[in-house]
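The chain contents come next:
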Amino acid sequence: MPARILDGTKIAADIRAEVSARVKSLTAAGIRPGLAVVLVGHNPASEVYVRGKVKSSHEVGLYSEQHTPAETATTDELLALISDLNRRDEIDGILVQLPLPSHVDAKKILLAVDPAKDVDGFHPMNVGYLSTQRPGLVPCTPAGVMEILRRSSIRIAGQEAVVVGRSDIVGKPVAMLLLNENATVTVCHSKTRDLPEVGRRADILIAAIGRAGMITADYVKPGATVVDVGINKITDRKEFDRFFVGDKKREEAFLAKGATLIGDVHPEVTEVAGAITPVPGGIGPRTIAMLMSNTVKAAMLRRGLSA
Ligand code: NDP
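Conventions used here
Residues numbered from 1 in each chain as written. Predicted model: local features only at pLDDT ≥ 70, side-chain atom pairs only at ≥ 80, totals over all residues. Heavy atoms only, no water. Helix = DSSP H or I, 4+ residues; strand = E, 2+ residues; numbered from the N terminus. Rg over C-alpha atoms; globule rule 2.2 N^0.38 Å. Buried < 20%, exposed > 50% of the residue type's maximum accessible area, 1.4 Å probe, protein only. Contact = heavy atoms within 4.5 Å. Areas by Shrake-Rupley, 256 points an atom, 1.4 Å probe, with all protein chains shown as cover. Phe/Tyr/Trp six-rings, centres within 6.5 Å; stacked < 30°, edge-to-face > 60°. Pairing = 2+ DSSP bridges. Axes fitted to C-alpha atoms, helices over the stretch in contact; angles between N-to-C directions. Near = heavy atom within 4 Å. Polar contact = N/O pair within 3.5 Å; in protein donor to acceptor, adjacent residues only side chain to side chain. Nonpolar A, V, L, I, M, F, W, Y, C, P; charged D, E, K, R; others polar. Parallel < 35°, antiparallel > 145°, perpendicular 65-115°, else oblique. Left-handed = near helix turned anticlockwise from the far one by under 90°. pLDDT = per-residue confidence, 0-100. Domains from an automatic or database assignment.

Asks: Explanation requested: the overall build of the chain in the structure shown.
Replies: The secondary structure content of the chain amounts to 11 helices and 11 strands. Rg of the C-alpha trace for the chain: 20 Å, near the compact-globule value of 19 Å for 307 residues, within the 12% margin. Dimensions of the chain, computed from C-alpha atoms along their principal axes, come out at roughly 55 × 45 × 40 Å. Here the chain, with 307 residues, has 49% of them falling under the buried criterion. Sequence separation of at least 24 residues holds for 71% of the intrachain contacts in the chain that already meet a minimum separation of 6. Working note: accessible area of the chain is about 14,700 Å², and carbon and sulfur atoms make up 54% of it.

If you want it as structure tokens, here you go:
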């Protein structure tokens, strides 16, 4: 029997509606949460992401502003901008869109963001809060993974969870969140021996690798829940056929756009897993919803309100 599809788009809409209601009641109490997005230069993918974030901010009623320093901006100039945003009381969240141009010291910039306004949750202070289970700001994509599991009533406590990928922005925080929810967590990476065997132990398998369709049915225990965080673009017809032969709907879209998105999980896994997030429409939509939610959380935590 094919896996239950965990619909991220629907869950994202639910989260946005909840955030919107919270923004309304905070604004009525004189607190309008504010988000500042910093986009340096002209990276086309970043521009698309930032447009989505700003649009979503408007939709949920947040105050938002966009800062677009030129590609040539120096580390010092960006530090001055961050310092100004840190100081301004009406700004609750600061998001610096990555990647930054290569001449900029990205670590220095991210470290300069006030941890209380760090809505991406990348500051070492927030990483520490997460690992010691204190209230803080949690990175959006990992928080989105947890929301989809919770809202789909997937049991976490006591389950074997395997996370493939150990990046600071996805793999590690997801692993920590699962551990905090009492899963037994294994974190895998490019040096892990016999990954399919480790994967087959998982009741919950999280793929955050960045390799199109790498997780095949051989990595998955029948009935497991599979969360596919990967977003990979396919433009080559042969690659398309390797993954999607016979999928007429996707083929039409591929022919029209010349590209399609695939996660890190092979489509054949749908036949083995008990539940699975689709790509597109799985984790992606909720990452922005969690950014909105984090901005509201920051506004509340900064004012000593429990979020
Ligand atoms: P990174 O490149 O930072 O990390 C990839 C991880 O995968 C590394 O830990 C790497 O191991 C591991 N890895 C790579 N190849 C293999 C392999 N053959 N076997 C086992 N492990 C392997 O990627 P990110 O964490 O930033 O992103 C992961 C994916 O998630 C990407 O597809 C990205 O586009 C997507 N993403 C999606 C988001 C969303 O909103 N849905 C947001 C952010 C990312 P090692 O450490 O040993 O190198």
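And the narrative resumes.
Asks: Can you help me understand the packing of aromatic side chains in this one?
Replies: The geometry of an aromatic ring pair comes down to the distance between the two centres and the angle between the two planes. Throughout the structure, instances matching the rule amount to three aromatic pairs. Seen in terms of ring centroids, Phe240 and Phe244 are 5.4 Å apart; in terms of plane orientation they differ by 45°. Their pairing is tilted. Here Phe240 and its partner Phe244 are both found in helix α9 (residues 237–244), four residues apart, which amounts to about one turn of the helix. Phe244 matches Phe240 in its accessibility class, with the two residues each being buried. Geometrically, the ring pair formed by Phe240 and Phe254 is stacked, given 4.4 Å between the ring centres and 20° between the ring planes. Here Phe240, found in helix α9, pairs with Phe254, found in helix α10 (residues 248–257); they are 14 residues apart in sequence, far enough to count as distant. Its relative accessible area of 1% is what places Phe240 among the buried residues. One aromatic cluster in this structure is built from Phe240, Phe243, Phe244 and Phe254.

Asks: Looking at this model, I keep getting lost on the sheet that holds strand β3 (residues 63–67). Mind explaining?
Replies: Hydrogen bonds between backbone atoms are what pair the strands of a sheet, whose relative direction is either parallel or antiparallel. One open sheet holds the three strands; their spatial order is β3-β2-β4, and the pairing between them is parallel. Of all the strands in the sheet, the pair left with one neighbour each is β3 and β4 (93–96). Sheet twist, expressed as the mean angle between neighbouring strand axes with direction ignored, is 15°. Of the pairings in the sheet, the one linking strand β2 (residues 34–38) to β4 comprises four bridges and is parallel in character. Each bridged residue has a counterpart across the sheet, and for Val37 the counterpart in β4 is Leu95.

Asks: Where do I start with the site of the ligand in this structure?
Replies: For the ligand, the set of nearby residues contains 21 residues, the closest of which are Arg166, Ser167, Ser190, Arg211 and Thr287. The contact in question runs from an oxygen atom of the ligand to an N or O atom on the side chain of Ser190, over 2.5 Å. Note that an oxygen atom of the ligand is positioned 3.1 Å from one of the backbone N or O atoms of Ile231. Bound to the protein, the ligand loses 70% of the 930 Å² it would expose on its own. When the residues that make up the shell around the ligand are grouped by side-chain class, the tally is nine nonpolar, 10 polar and two charged.

Asks: Honestly, the packing of helix α2 (residues 44–60) against helix α11 (residues 283–302) in this entry has me stumped. Any pointers?
Replies: The description of two helices packed together rests on the angle between their axes and the distance between the axes. Packing of α2 against α11 leaves a shortest axis separation of 10 Å and a crossing angle of 55°. By the angle between their axes, α2 is oblique relative to α11. Our pair here, α2 against α11, has a crossing hand that is right-handed. In this structure, α2 contributes Gly52, Lys53, Ser56, Ser57 and Val60 to the contact, and α11 contributes Ile288, Leu291 and Met292.

Asks: Could you clarify how one ought to interpret the confidence of the model for the chain in this entry?
Replies: Caution applies to low-pLDDT regions: their predicted coordinates should not be interpreted in detail. Summarising the model, the chain shows a mean pLDDT of 96, and 100% of its residues fall at 70 or more. Taken element by element, the chain is modelled with least confidence in α11, mean pLDDT 92, and with most confidence in strand β5 (residues 160–164), mean pLDDT 99.

Asks: Help me understand the domain arrangement of the chain in this model?
Replies: What the domain assignment lists for the chain is domain 1 (30–115) and domain 2 (140–285). Taking only C-alpha atoms into account, the centre of domain 1 sits 29 Å from that of domain 2.

Asks: Could you clarify how one ought to interpret the packing of α9 against α10 in this entry?
Replies: As a packed pair, α9 and α10 sit with axes 11 Å apart at the nearest point and diverge in direction by 165°. Viewed along their axes, α9 and α10 adopt a mutual orientation that is roughly antiparallel. As α9 runs across α10, the sense of the crossing is right-handed. Contact with α9, carried on its side by Arg237, Phe240 and Phe244, involves Arg250, Glu251, Phe254 and Leu255 of α10 and no other residues of that element. A per-class count over the contact of α9 with α10 returns four nonpolar, no polar and three charged.

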